Every structure is written in structure tokens, then in C-alpha cells.
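Listed here are the chains, written in short residue letters.
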Amino acid sequence: MWHKKPKGDVQALAALKKISPDRAMTDMRVLTGTAKPAVPPLPNCPKDVYIFGGQTMCASGTYRRLLEAQGKNIVQVSAKGSRILAVLTVDGEVFVGQIAKPLVQAAVPERAVQIACAMDTLAVVGESGMLYTGTVKSSGSCALSTVENLPPVKQVLLCSCISVIVALSTKGVLFSWGQNTAGLLGTGVCPLGETAPTPHPIKVPGTVIAFDCGETHVTALNDAREVFVWGDNTSSLIAPTSQTTLETPFQLPLQLRNICSLSCGAQITFAITDDGQLWAWGSGNYKLLTGDSMDNKMMPIQLALPPVQSVSCGANHVIALTKTWDVYTWGRNDHDKLGYTAVPGKIPEVNGTPTMVNCVGRAVLQTAAGSGFTALLSERYLFGEHLTDVMLRSENRGLPAPRLIVDIVNILYKGAETESELLRLAGTKTQVMAIMAIVDRGQPYDFSTVEDLNNLVDLLKQYLNNLPDPVIPYEEYPKILALGERNAPVVEYKQFIAQLRPETHKNFLLFLIAFLNRVLKTSLMNSKNIAVCFRGMMRVKPEEQLKPSDCPEDPSALLFKESQKMNSESTALSVLIENGATGLGFPDPFNLTAQKKPKTKRVKARTAELTPAEQQACTMWGKGTSMTKTQFRDLLQDLCRDQSIPPPDDADIEEGLQTIDLADPSRVTFKEFQQFWKWYTSTRK
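Peer 1: For the nonpolar core, give the residues involved together with the corresponding values.
Peer 2: Ranked by internal contacts, the top residues of the largest apolar core, which has 68 residues, are Leu464, Phe508 and Met537. Of the residues forming this core, the biggest block, eleven residues, is contributed by helix H9 (residues 503–522). Excluding residues that lie within four positions of it along the chain, Leu464 makes contacts with Val471, Phe508, Leu512, Phe534, Gly536, Met537 and Arg539. Counting 35 residues, the second largest nonpolar core, distinct from the first, contains Ile162, Leu174, Ala196 and Val229.

Peer 1: Would you mind going over the pairing of strand S13 (residues 174–179) in detail, with residue names and values included?
Peer 2: Taking burial as the measure, the six residues of S13 include five buried ones, the bulk of the element. Pairing geometry for strand S12 (residues 164–169) and S13, over five bridges, is antiparallel. In the strand pairing of S13, Ala167 is matched with Phe175. Linkage of S12 to S13, two consecutive antiparallel strands, is achieved through a turn of four residues, within which Gly172 is found at a positive phi near 85 degrees. Strand direction decides the pairing type here: S13 and strand S14 (residues 195–202), joined by five bridges, are antiparallel.

Peer 1: Could you give an account of the pairing of strand S27 (residues 364–369), naming the residues involved and the relevant values?
Peer 2: Where S27 meets strand S28 (residues 373–379), five bridges bridge the pair, whose relative direction is antiparallel. Bridge assignment links Ala368 to a residue of S28, and that residue is Ala375. In textbook terms, the turn of a hairpin is the stretch between consecutive antiparallel strands, and for S27 and S28 this stretch comprises three residues, one of which, Gly372, has a positive phi near 85 degrees.

Peer 1: Describe the packing of aromatic side chains, naming the residues involved and giving the relevant values.
Peer 2: Counting across every chain of the model gives seven aromatic pairs. Centre to centre, the rings of Trp679 and Tyr680 are 6.4 Å apart; their planes meet at 45 degrees, and the pair counts as tilted. Judged by its relative accessible area of 0%, Tyr680 is buried. Through pairs of rings, three or more aromatic residues link up here, namely Phe383, Tyr463 and Phe508. Sitting over the face of the ring of Phe534, Lys461 holds its NZ or CZ atom 5.9 Å from the ring centroid.

Peer 1: With reference to specific residues and values, describe helix H6 (residues 453–466).
Peer 2: Spanning 14 residues, H6 covers 20 Å between terminal C-alpha atoms, matching the ideal 20 Å at 1.5 Å per step. Burial analysis of H6 places eleven of its 14 residues in the buried class, which makes it a mostly covered element. Within H6, the full set of buried residues consists of Leu453, Asn454, Asn455, Leu456, Val457, Asp458, Leu459, Leu460, Lys461, Tyr463 and Leu464. Buried residues in H6 make contact with helix H3 (387–391), helix H4 (403–415), helix H5 (429–439), H9 and helix H10 (527–533).

Peer 1: Explain the sheet that holds strand S24 (residues 317–322) to me, and be specific about the residues and the numbers.
Peer 2: Taken together, the four strands give an open sheet; going across it, the order is S23-S24-S25-S26, and neighbouring strands pair in antiparallel fashion. Where the open sheet ends on each side, the last strands, each with one partner, are strand S23 (308–313) and strand S26 (350–356). Between one strand and the next, the sheet's axes are offset by a mean angle of 10 degrees, whatever the strand orientation. Direction of pairing for S24 relative to strand S25 (residues 327–332): antiparallel, over a ladder of five bridges. Its bridge partner lying in S25, Val318 is registered against Trp330.

Peer 1: Residues and numbers for the confidence of the model for the protein, please.
Peer 2: Any segment with low pLDDT has predicted coordinates that should not be analysed in fine detail. When pLDDT is averaged along the protein, the result is 80, and 80% of the positions lie at 70 or above. Counted against residues more than four places away or in other chains, residues 1–39, with its pLDDT under 50, gives 72 contacts. The low-confidence segment residues 56–63 (pLDDT under 50) makes 25 contacts with residues lying over four places distant or belonging to another chain.

Peer 1: Can you tell me about unusual backbone geometry, naming the residues and giving the values?
Peer 2: Cis geometry marks the peptide bond from Arg501 to Pro502, where omega comes out at 5 degrees. Assignment of secondary structure puts Pro502 in the loop between helix H8 (490–498) and H9. Look at Arg225: it is not a glycine, yet its phi comes out positive at around 60 degrees. What makes Arg225 partly exposed here is its relative accessible area of 25%.

Peer 1: Kindly report on the environment of Met433, identifying the contributing residues and their values.
Peer 2: Of note, Met433 is situated in helix H5. Each C-alpha atom of the pair Met433 and Leu459 lies 8.0 Å from the other, and the pair is 26 residues apart in sequence.

Peer 1: Explain the state of the cysteines to me, using residue names and the numbers behind them.
Peer 2: Here the structure, examined in full by the defined rule, presents zero disulfides. A disulfide-free cysteine, Cys159 has its sulfur positioned 4.2 Å from the sulfur of Cys213, the nearest such atom. Judged by its relative accessible area of 2%, Cys159 falls in the buried class. With no disulfide of its own, Cys264 has Cys313 as its nearest cysteine by sulfur position, at a separation of 7.2 Å. Judged by relative accessible area, Cys264 falls into the buried class, the value being 0%.

Peer 1: Go over H5 with me, naming the residues and quoting the values.
Peer 2: Burial within H5 is extensive, with eight of its eleven residues counted as buried. Taken residue by residue, H5 has Val432, Met433, Ala434, Ile435, Met436, Ala437, Ile438 and Val439 as its buried positions.

Analysis parameters
- Residues numbered from 1 in each chain as written.
- Predicted model: local features only at pLDDT ≥ 70, side-chain atom pairs only at ≥ 80, totals over all residues.
- Heavy atoms only, no water.
- Core = buried A, V, L, I, M, F, W, Y, C linked by side-chain atoms within 4.5 Å.
- Buried < 20%, exposed > 50% of the residue type's maximum accessible area, 1.4 Å probe, protein only.
- Helix = DSSP H or I, 4+ residues; strand = E, 2+ residues; numbered from the N terminus.
- Contact = heavy atoms within 4.5 Å.
- Pairing = 2+ DSSP bridges.
- Phe/Tyr/Trp six-rings, centres within 6.5 Å; stacked < 30°, edge-to-face > 60°.
- Lys NZ or Arg CZ within 6 Å of the ring centre and 35° of its normal.
- Expected span 1.5 Å × (residues − 1).
- Axes fitted to C-alpha atoms, helices over the stretch in contact; angles between N-to-C directions.
- pLDDT = per-residue confidence, 0-100.
- Disulfide = S-S within 2.5 Å.

If you want it as C-alpha cells, here you go:
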């Protein structure tokens, strides 16, 4: 159920993001974990691939992010019934390999725009329409070669079990080549069982607008919304005809006239209508036609699902992506590839009921069904993501913390020099949540415009509290707690940090305590007060938290134990804060060298000399850019009014500009404006 948020929160978010209140309400619900977005994801939002299932890739019921293509914004993922997976980045790069190994970049002659992979084959469409194919080795390397005798291509797909490639030209004509098992080529030219080395057209009436390849059959949809199939028709599972092998396209006598998309599996076909209805027919193996029955269906039946936008079929499981960006899976659940948390006795090995997957990012854009695993392309977020994963992103390389946090802390670090009340007061929840909604999805934000620094403090706390594994990891919590309980000497804290792993958590911890140590020197708060504010740096596992059942006879004992634990936590953190990174024998993460400080002072001194109008000029036009003469005159009026100087008339302006010798008679650069202002003010003294 959605929790109601204060109206002001939504209005602030809408104003900051310059979006509609409805979109702001959706984003706010997403931010608070009360709903997933029912709107299209942001087009420029960074994306990651989540994969689950597979014997060697993931533990049961868990997700593993695909981060081998580090720092790459992924826009497409492909895996058709095999253990090979390929991804396409926003820059047109292609990475491919087995899911149990790091992906390897494929050398594509040009920028790639679409990819497909199945078995051990990779196919890539270049932006010129050229098609490249190659064999993926066990190491992940793949040597691509150009497919000849083929018109410009806009899409390519591969059959999942037989070496067949089907490509759609820019004019809507299908071409196929490869092994003609069970008539999969659909051309009627190549004899059954033989191989066609070069592409031949498939005679589908009209213009093909959608198609898909299954294990042993292919489907196509033309612009008249007619559906055609060819391939293995054993038991009449793909078409209502007695022919067991369809060597050319066979039109299905469907009553559905508004089909917009097709998907194929192992002798099962799915069709999606314009309004999102999902229909299916064919093999009932693994309960893919839903329900407890494994009966085959010769005619389409409608599946009970919310409106669907796409379907991916594996050999024995199905993934449906709804129009509200939710994911439903069903079929065989070996290795928990359906994405459910494994609970013995509750999750069957074969699940015939489409069930929503709840444990991945908030907006899934694309799905892919491999052999024994599922891959989901999802929006990439910051809050609530594992620190180690976030630090692998290109924008965070070489930093002690995520770029966003570094920017926030640097502003607070400087603010601590003059703000003795920093950390004592709470920020404005409305503004904090609104900023969080923006930066969480990778959108830029200028933190220097935040007037109340406590808003940034609260934003930092929100990040720490939302980390799935705290800065001091759960496994290390008992050790740091023990140090606080027995008032351990500083040298033991140094040893604790030295052995802290992962390295990303160690660097982040040193960064935070260096910052808090700087705040302590000017703050009205003591180290224990600050430690209480930042308790989110260390937390006990949720399942190990004290519960009333731990002290059933004396509830007050529970409060006493909790108080002792909190005191030990704050004691340990206060020691770290009092000493900081350098006090514990580690380098200063801020690397604030002596030569950098004068630069900050010079900037401050120069800023202090500028009047409001001059500062506005610097902001509006920027150094090195130019302004029109009208803008130039308006700026002069403002500057003269600020400094109580008579404004120049037209004659003064012309005289002054002649002394400057403008590079462009119609415009004035910032440097030329400075020269004019120096000349004009000197003539008025």
C-alpha cells in the first residue's frame, strides 16, 4: 500500500526536477520504497544488468550485478537459451562471454546499435546497417566478420539450439542462413538437414514488423498484423496443420488482429496485443502455459497478467515485463533462476503461476532468458546499492567514496570552518527528499546552491543508513563493538582499520572519520554526540537485533542491553572521530596540501570584492564568453546603481568601447567588459 507523503514534498520535488506533480508523486513513492515507477525510466539514467540463477554465477535466491563492463552504461542485454551473455553500451561497445567469467569486449568495426547471442554465436548490427557475426570462445574472445550479400539490417536474432541466424532488413524483409534443421531457414531453397552459408530471403507477405526465433521454430508478424510460423511442427504445436515440418512461412488463422509483438520458446509461442494482453499456445511443458497443468494448447489462450510490453523465453522458463516496469517469471526454477528467494517447501521446482520478482532495481527496461539464468536490464541507482558495486563505476574510480558523497563532504568540510552549528540541527525533510530523488537516479545537481548545509548532512546520513552493508560491514560489527565495550587503546583501532575489508569500505571509513574529525574541531558537539548522529556507519544485522523474546521475563533488561550496546557503538565511533585518519596513522583522504589552501583564499577574497551585480554577471555570462550590447548596457546600469555611480550615457559607452577595440563590433566579451569598467570607473574618480 502506498504511504501518503506530505504535499509539500511532492511540490518541492516537482519544482526541483521541473516535472509534473504526478511524475513527482511517482518518484517520491519510489524513493520511499512504497511503489515502483509506473512511468518510463529516465532516458539518460545509467543502467546495470542484474543476473540471477546459474550454477556458478550466483548463490540461490540472490542477485549478482553484471559489472565486468565497468563504468559502462548498458542499453541492451542478450541471452537466448545459452550460457553466453552479451551487452551493448550506450557508446556502441559490445561485451560478451560466459556468465561465470568476466565479459570481454568484442572488436566491432563500427559503432554497434543492436546485438544478439545464442549458443556460442554473437551477431552485431552496426550503425551503417552492416551485420557482423562470430564465434564466442570459452575465454569470451570473439573475432567478428562481415556478412556479405545482405542488404542493410536493422535487427538480428538467433535460434537458441540450432545454428540459424535470421536478420530483418531496413525494408522489412527477413533473411536467414545456417543449418536447415526442421525447416528453420524458412526459405524453401536449402534442402532439409543441409547448411546455407549465405543469406536468402524468406517470403513473408507484406512488410515484417516483428519476429522472434525459438529453439526449433521462427515466427514473424507483418504490417497487416498477420502471424506466420515455420520450423518444427511436431504434434501441431506451432501451427494447426498435419505437416510436421514447415519449410516456408505458414499463416496462422488467429482471431487476434491487434498483435504487436511475438516471442518463441521450446515449441511454445507468445503474442502480445496493443493493450498488453498476453496470449500463448504450444507446449505445456514446465507449466509454461501457467497453472498446474502441463497440457498442450493448439489454440491461443490468454494468460492472467497485468498489461505486458515484452516477453523473453528460455528453454524452460518465461520472463514477462509489464507496462509498469514490473517483472513476472514462471516455469522451471532450477538454481532459483526465476528470481524468488528459495524457501524449502514453498517455492516449487516448477512454478506455473506468474510471480512478480521483487528483489531487483526499481525500473526494469529489458529482460533476457538464458540457459539456467535470467538477466534484467535495470535503472542504476545510488541509494541502497552496495558500496563495492558503486565504486566500480567509472565516475568513482580513484575516489575514497562515491563522487556524489565526495562532493557533499567537500562542501561540508569547508563549511565546518565557519559553521559551529553544523550537525546540531536537522535539515528540511522536504528539500532533503527532493534532492535525494534527483541524485538517486544519476541526475546532476549543484550542491553549492544548497543554502542550509544541514540538508546535505541529512542527505549524507540517508546514504549511510541505506547502504545494504554498512561502512563498517556486518561481519566486522562484533569486533568494533568489542573495542568500544572494553575501551580499547587507539592502537587496536588502527589495527582494526588496517585489516578492514573490502578495501572500498576501509577507504570510505577513513574518508568519513577525517571529515568528522574536522567538524569536531569547530563544532559545539562532542565526539560522542557526533557518533550518535552517524550511527549508520555501523549497524548490527537485522536478524541479530535485540527482541522482546530475548528477555521475556524482564522487559527492562532489554532496554538496559540496548543502552549498553548503543553506548559501546558511540564509544568506538567517538575514538575514530577524535583521532581522524591521520591520528590513526593513515594518509589524509582529503589530500588538502598546503599549496591548495591559498587558492581557496584567493577565490574567497575575489568573490568578496564583487558586488551582487558583478557576481550576477559572472554567473550569467561566465568568463570568456560574450554578451550583446543590450546586455552590456543593462549590466552597466546595475553595476552603477550598486556602487552609486552615475550611469554612462551613449557617448560614454561609445568612447569607452573605442579605447578597447572590440574583436566583434556587435558583442562584448567578459574581458572587454572588465576593461571598459576599469576605464569608466577611473574617469569618474
